[in-house]
Amino acid sequence: MTLTAASSLAWEWLEQLAKCSETHQPDTQGVTRLCASKEHRAALDLLREYMIESGMSVRMDNAANLIGRYTSTQPNAKTLIFGSHQDTVPNGGKYDGILGVIAPLALVHYFNQNNIQFPYHIDVIAFSDEEGTRFQSTLLGSKAISGIFDSKMLDAQDANQVSLQQALVDFGCQPELINNDAYQGNDVLGFVELHIEQGPQLESANLPVGVVSAITGIERHTITIHGKAGHAGTVPMNNRQDALVGASHVITLFDQLCKSDKDLVGVIGKIENFPNGVNVIPQRTDITVELRSPIDDKRVHARKEFLQSVDQSLRALNLSYDHKQTYEQKAVQCSENLSSKLLTAIEACEIEAKTLFSGAGHDGLAVSSLTDIAMLFMRCTDGVSHHPDEAILPEDLEASIKVLKEFCLAI
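Bear in mind that the values here come from a model prediction, so they are computed numbers and not experimental data. (Residues numbered from 1 in each chain as written. Predicted model: local features only at pLDDT ≥ 70, side-chain atom pairs only at ≥ 80, totals over all residues. Heavy atoms only, no water.)

**Q** Outline the overall build of the protein chain, supporting the account with residue identities and numerical values.
**A** The helix and strand tally for the protein chain stands at 11 helices and 14 strands. Residue burial in the protein chain is summarised as follows: out of 411 residues, 52% are buried. A sequence separation of at least 24 residues applies to 78% of the contacts in the protein chain between residues at least 6 apart. Of the roughly 18000 Å² that the protein chain leaves accessible, carbon and sulfur atoms contribute 46%. In the protein chain, which carries 32 positive and 52 negative side-chain charges, the distance between the mean positions of the two groups comes to 5 Å. (Helix = DSSP H or I, 4+ residues; strand = E, 2+ residues; numbered from the N terminus. Buried < 20%, exposed > 50% of the residue type's maximum accessible area, 1.4 Å probe, protein only. Contact = heavy atoms within 4.5 Å. Areas by Shrake-Rupley, 256 points an atom, 1.4 Å probe, with all protein chains shown as cover. Lys, Arg positive; Asp, Glu negative; His and termini not counted. Charge placed at Lys NZ, Arg CZ, Asp CG, Glu CD.)

**Q** A description of the environment of S151 should follow, citing residues and the corresponding values.
**A** Inspection of the secondary structure assignment puts S151 in the loop between helix 4 (140-146) and helix 5 (164-170). When its relative accessible area of 47% is taken as the criterion, S151 is described as partly exposed.

**Q** How would you explain unusual backbone geometry if you had to name every residue and give the values?
**A** With omega at 5°, the peptide bond leading from F274 into P275 counts as cis. With respect to the helices and strands, the residue P275 is situated in the loop between strand 9 (271-274) and strand 10 (284-293). The backbone of N206 shows a phi angle near 55°, a positive value even though the residue is not glycine.

**Q** With reference to specific residues and values, describe the pairing of strand 7 (residues 217-226).
**A** Across the 10 residues of strand 7, 7 count as buried, placing the element largely inside the fold. Of the pairings in the sheet, the one linking strand 7 to strand 10 comprises 10 bridges and is antiparallel in character. Each bridged residue has a counterpart across the sheet, and for G217 the counterpart in strand 10 is S293. Judged from the 9 bridges that link them, strand 7 and strand 11 (residues 320-329) form a sheet pairing that is antiparallel. The residue bridging I218 from the neighbouring strand is Q329, located in strand 11. (Pairing = 2+ DSSP bridges.)

**Q** Quick one: what's the story with the environment of K298, residue by residue and with numbers?
**A** Its place among the elements puts K298 in helix 8 (residues 296-316). As for K298 and L264, which are separated by 34 residues in sequence, their C-alpha atoms are 7.9 Å apart. Setting aside residues up to four positions removed in sequence, K298 forms contacts with D261, D263, L264 and S293.

**Q** Hey, could you go over the side chain of S137 for me, with residue numbers and the actual values?
**A** Here S137 lies in the loop between strand 4 (121-127) and helix 4. Residue classification places S137 among the buried residues on the basis of a relative accessible area of 10%.

**Q** Describe in detail the packing of helix 1 (residues 3-18) against helix 3 (residues 99-113), supporting the description with residues and values.
**A** For the pair helix 1 and helix 3, the least separation of the axes is 9 Å and the interaxial angle reads 140°. Considering their axes alone, helix 1 and helix 3 lie oblique with respect to each other. Helix 1 and helix 3 meet at a crossing whose hand is right-handed. Only L99, I102, L105, A106, L107, H109 and Y110 of helix 3 make contact with helix 1, whose side of the interface consists of L3, A6, L9, A10, W13, L14 and L17. Class assignment for the residues of the contact of helix 1 with helix 3 results in 13 nonpolar, 1 polar and no charged. (Axes fitted to C-alpha atoms, helices over the stretch in contact; angles between N-to-C directions. Parallel < 35°, antiparallel > 145°, perpendicular 65-115°, else oblique. Left-handed = near helix turned anticlockwise from the far one by under 90°. Nonpolar A, V, L, I, M, F, W, Y, C, P; charged D, E, K, R; others polar.)

**Q** Could you give me a rundown of the state of the cysteines, with the residues and numbers involved?
**A** Inspection of the entire model under this criterion finds 0 disulfides. Here C20 is not cross-linked by a disulfide; its sulfur's nearest cysteine counterpart is in C35, at 15 Å. The thiol of C173 is not disulfide-bonded; the next cysteine sulfur, from C35, is found 8.3 Å away. (Disulfide = S-S within 2.5 Å.)

**Q** Hey, could you go over the nonpolar core for me, with residue numbers and the actual values?
**A** Grouped together as the largest cluster of nonpolar side chains are 98 residues, with contacts concentrated most on L47, L99, I102 and I122. Here this core gets 10 residues from one element, more than from any other, and that element is helix 3. Ignoring any residue separated from it by four or fewer positions in sequence, one finds L99 in contact with L14, P104, L194, H195, I196, M378, I392 and L397. Counting residues in hydrophobic clusters, the runner-up holds 18 residues, among them A247, L264, V289 and L291. (Core = buried A, V, L, I, M, F, W, Y, C linked by side-chain atoms within 4.5 Å.)

**Q** Now, about the side chain of S385: what can you tell me, with residues and values included?
**A** Within the fold, S385 resides in the loop between strand 14 (373-378) and helix 11 (394-410). We classify S385 as buried; its relative accessible area is 17%. In terms of polar contacts, S385 uses its side chain to reach the side chain of Q198, at 3.0 Å. (Polar contact = N/O pair within 3.5 Å; in protein donor to acceptor, adjacent residues only side chain to side chain.)

So this is what it looks like as structure tokens:
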């Protein structure tokens, strides 16, 4: 079997898995596959077949992760883990997550067909739930294998008031035993996740793949700006306390801040205005703020700078405000050792080596608690993700599999 044949097989598998979806509108090719759903079951049934065909032993753990193992002949062998998530956002794409399961699985198929053995086990994991779409609790699968699963997650409910606990039981799991399924760090060589870039950098550079240096840190805030309602036609402009005007200043300040440093990105994603009347001066405006950076020190410094400028600006407008930080996820740096081997593997495939950071979260955030992690990004068309138009090129898929092969040989 050749790597070209393995790539064609991976493409076929991706197309088959895209049909494991609850989205069936005739005008879309979007994929909707949620944790512990019948579509999840259908996907695992296919993945189990692929794993067995690839010479792997297969098991499902109590967090509904499907794990295939290509067993080493060496006694006391450690394990190299590949994997990503099988679940999608509603009406998402064919490749987000599942690419990182299928490409390494096709590579293992190639190894098995050519009787290539390694002094370590290769595990390929299809994580049950990264997106958190059904239960609003992200990274379930990767937290479980990493030993950082919080049993409080089991209380989360979906839109039909079905708890995660009950959904996992119905799926054939014993959620009370999830913590027993964690890997032991001393037994693991590292974790590698292949993922579409979800951005335009590789396409702009005309490159099929790139190595991720870090997974972004994220923080979120709410800011409530208090003004004074009044008649829009009678209150003089210089006497107004317009909360929405204050919000516009905050938005401008934040946009300028994020554009001042290539390592910062952010968004004011939500605005609520009260009383929201066409001829009423806004009395209160609520906004959300999300700030991301792969460098935590920069993110924290930017936060302080932003909040200080907000305070000065709103006070100058005679407005008061309330601020609350609602979320923080620290950045995760990818392993220099594993990343350097990925870069060497890329160069061995006669591809220009490029390093970039991930502005999105991934299963590696959780797995970094267990072991060293590395990520390989693959070009996606127009940088589109979480959308039915998500697309990749067959030649990029083959390039990714070749790079992972060289990486395995280097390890």
